[in-house]
Structures are given as structure tokens and as C-alpha cells.
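# Results of the structural survey
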Amino acid sequence: MEDSVVHSNQTAGFIQFPVERLDRVLGQYGFEKVNAEVVEPFHSLADELIEGEIADAASIARVQSWTGRSLHLRYKKGRPDALLASIPLSAAGRDALLDGRFGFANARREWVCGLDERAEALLSWGMAGRTPLAQLAALRGLLAGWFHFYSDVPVYARARSLQGQALMKRLLFTPLGNPDGTSPLWGSTRFPAGIARRLGTMRMAAEAEAPEQEASV
């Protein structure tokens, strides 16, 4: 299984994140990459489902334009019902997060990674769903992306609700205090392989990549 992992930091003379593969993997759970026309629906769903402060639509759009892979949205019967938001961080961005300078709506270009820049960490910026099934899809998408593209870097997340904090513990995150003064920051100790296997995320992600792998043989 480890041989099928495609890390974000893989190099072949230059760094290039395999964004098409990420889109295929997350597509297994119904998620589509957010383009400029879909930022407003994405923001509206995040504002509806996520407690407390969130970034405004303009800030979300900037981050997506910089990274090319941060925002994904799932639809059910033509209506957005789940979201995933993750930011690949540069070394400067990781340091800004840990010392409290990186909040929710103040991302800077030098703190995040484009498709041709090495990621030093990943921030799970937001994950939510309207229903338990939508929430499960978001969790499975997070785990699949983490395992296949970011398992070689530390992963961070914030959790403001008791339910979110309980999920962090189940995912083997540890509390890192409250560096920005608004909400607790959590950091992963290792990939939660047990939960990922039970949810089938590693297997499904590998199947999503199979057509390209077969074509290259």
C-alpha cells in the first residue's frame, strides 16, 4: 500500500503537485474542486455549518488561487452538502500558524504553497457536512488526501466545538494550546491508519489512481 502513496513533496528536477490525482481521489467521495464561480456557495455553506469566525469569500478565493487545490465541495441533489478546505503551508506559514500570526482570514502568499512549491505542513482549514453522511464523506476525503498526498508533513487543525475536539483525539491529534488567542490548535502525532482502514479511504484512493498507473505501464 505504501508504494501507492504520491507525496506532495515528490521531486523530479522540480516540484509539481499532482493536482489532477488529488481531484480524482476526492472525486471518489463526491467532491469537486472549487473554481471562482463556486466560491460564494462554498463560503455560504461554511458560514452555515462552521461555528465561529471563518474567512470571508474574498480571502477564500485568494487562497484557492494561490494553492490551486485548497477548496473542494460536494453536492447532493444539486445542492452543496459538504466541504473540505486545506492549506499547504510553507515553512514560514507553519511558523506563523504555530506562533499565532496565522488566524482565519489573514493568509499571506508567502505562507502558502503553490503547485510548484514544497509543502512543509498542511492546515485542515475546514471540514463540514449538512448530514451525518455528508460529514462522513468529508472525513473520508480528508483522510484520503492526507494519506496519499501529505503523509510526509505535519498536519494541523483547529477545533472549536466539543464534537470537533473529540474528533481530533480520535484522529490522533494533540492540543497545541491557543496561539492565536481565538481557538485551540491541534497537531497530528501520526496518520490515523486504523480509522482510515475502517473507512476504506486508503483502498478507494488507490483505486482512483489505478487508471493512470495502468496507462503508464
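Here, the structure is the one placed above.
First, a word on scope: everything that follows refers to the structure included in this document. Keep in mind it's a predicted model, so treat the numbers as computed, not measured.

### Notes on the sheet that holds strand 5 (residues 155-158)
- Spatial strand order, 1-2-3-4-5-7-6: seven strands in an open sheet with mixed pairing. Each of the sheet's edge strands pairs with one partner strand only, and the pair in question is strand 1 (31-33) and strand 6 (173-175). When the angles between neighbouring strand axes are averaged without regard to direction, this sheet yields 30°.
- Here three bridges tie strand 1 to strand 2 (residues 71-76), and the two strands are oriented antiparallel to one another. Along strand 2, the bridge assignment pairs Phe-31 with Arg-74.
- Helix-sheet contacts for helix 6 (residues 162-170) involve strand 4 (121-129), strand 5, strand 6 and strand 7 (185-188), and the interaxial angle to strand 7 is about 20°.

### Digging into the pairing of strand 5
- Of the two faces of strand 5, the one carrying Val-155 and Ala-157 and the one carrying Tyr-156 and Arg-158 are both buried.
- Note: strand 4 against strand 5, three bridges, orientation parallel. Residue Ser-124 lies in a different strand from strand 5, and its bridge partner there is Ala-157.
- Remark: the strand 4/helix 5 (residues 132-149)/strand 5 crossover connection has right-handed handedness.
- Of the pairings in the sheet, the one linking strand 5 to strand 7 comprises three bridges and is antiparallel in character. If you follow Ala-157 over to strand 7, its bridge partner there is Trp-186.

### Let's talk about unusual backbone geometry
- Of note in this structure, Lys-77 is not a glycine but carries a positive phi near 55°.
- Mapped onto the secondary structure, Lys-77 falls in the loop between strand 2 and strand 3 (79-89).
- Judged by relative accessible area, which is 85%, Lys-77 ranks as exposed.

Rules behind the numbers
Residues numbered from 1 in each chain as written. Predicted model: local features only at pLDDT ≥ 70, side-chain atom pairs only at ≥ 80, totals over all residues. Heavy atoms only, no water. Pairing = 2+ DSSP bridges. Helix = DSSP H or I, 4+ residues; strand = E, 2+ residues; numbered from the N terminus. Axes fitted to C-alpha atoms, helices over the stretch in contact; angles between N-to-C directions. Contact = heavy atoms within 4.5 Å. Buried < 20%, exposed > 50% of the residue type's maximum accessible area, 1.4 Å probe, protein only. Right-handed = clockwise from strand over helix to strand, strands pointing away.

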